[in-house]
Amino acid sequence: MAIDPRVDIGHVHLKVADLDRAIRFYRDVLGLEEMQRLGDAAAFLSAGGYHHHIGLNTWESQGGSPPPPGTTGLYHVAIRYPDRRTLAHAVRRVVEAGVPLQGASDHGVSEAIYLSDPDGNGIELYRDRPRDEWPREPGGDGVAMMTIPLDLQALLAEAD
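Definitions and limits used
Residues numbered from 1 in each chain as written. Predicted model: local features only at pLDDT ≥ 70, side-chain atom pairs only at ≥ 80, totals over all residues. Heavy atoms only, no water. Salt bridge = Lys/Arg side-chain N within 4 Å of Asp/Glu carboxyl O. Helix = DSSP H or I, 4+ residues; strand = E, 2+ residues; numbered from the N terminus. Buried < 20%, exposed > 50% of the residue type's maximum accessible area, 1.4 Å probe, protein only. Polar contact = N/O pair within 3.5 Å; in protein donor to acceptor, adjacent residues only side chain to side chain. Contact = heavy atoms within 4.5 Å.

(A) How the structure looks around the pattern of salt bridges. Counted according to the given criterion, the structure contains 14 salt bridges. Taking the shortest distance from any N to any O, the salt bridge between Asp160 and Arg92 comes out at 3.0 Å. With Asp160 in the segment after helix H3 (152–157) and Arg92 in helix H2 (residues 84–96), this residue pair connects regions lying 68 residues apart in the sequence. A relative accessible area of 64% places Asp160 in the exposed class. A relative accessible area of 25% places Arg92 in the partly exposed class.

(B) Representation of helix H1 (residues 19–29) in the model. Within the sequence span of H1, burial applies to Leu19, Ala22, Ile23, Phe25, Tyr26 and Val29. Looking at where H1 begins, the residue whose side-chain oxygen comes 3.1 Å from the main-chain nitrogen of Asp20 is Asp18. Remark: Gly31 follows H1 within two positions and exhibits a positive phi of approximately 90 degrees.

(C) The side chain of Arg84, seen in detail. Its location among the elements puts Arg84 in helix H2. Looking at Arg84, its side chain comes within polar contact range of the side chain of Glu111, at 2.8 Å. In contact with Arg84, other than residues within four places in its own chain, are Glu111, Arg127, Leu150, Ala154, Leu155 and Glu158.

Next comes the structure, spelled out in structure tokens:
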């Protein structure tokens with residue numbers, strides 16, 4: 001039995017070592033709004049006034065270090081932008097803040113930029129192409145996703 005197609009992913013909680021540092025990244029670099037803070041233990045941030053899209057907490061991680069390579073855990077959290085220009089503005093803010101980019105890919109269905117937050121949590125900033133532009137498998141069923149280099153300079157030019 002398939003899940004109801006109206007279901008979506010509502011929010012993610014990330015373990016962080018330093019709450020203030022994490023808030024500065026998500027609020028000041030990515031532009032999310034701080035909705036609530038619980039002392040030095042947790043903060044809840046959102047886009048557009050939602051109660052929270054990202055929860056940050058130090059409940060089990062205050063002063064901790066990122067998990068080493070070769071361990072399981074969150075690969076990345078994806079933040080979807082409504083269009084290419086809005087994505088370009090977000091990427092420009094990241095670059096101007098001196099946050100290193102780890103990749104830029106065109107997946108056919110989407111364009112994605114990869115980076116990490118100060119705690120090593122993977123972040124994908126992306127935008128979906130309109131569904132009628134998605135590459136399709138032979139016969140028209142499903143999608144034919146790919147990973148090819150994204151022209152980052154062309155994307156950033158959209159922010160001008």
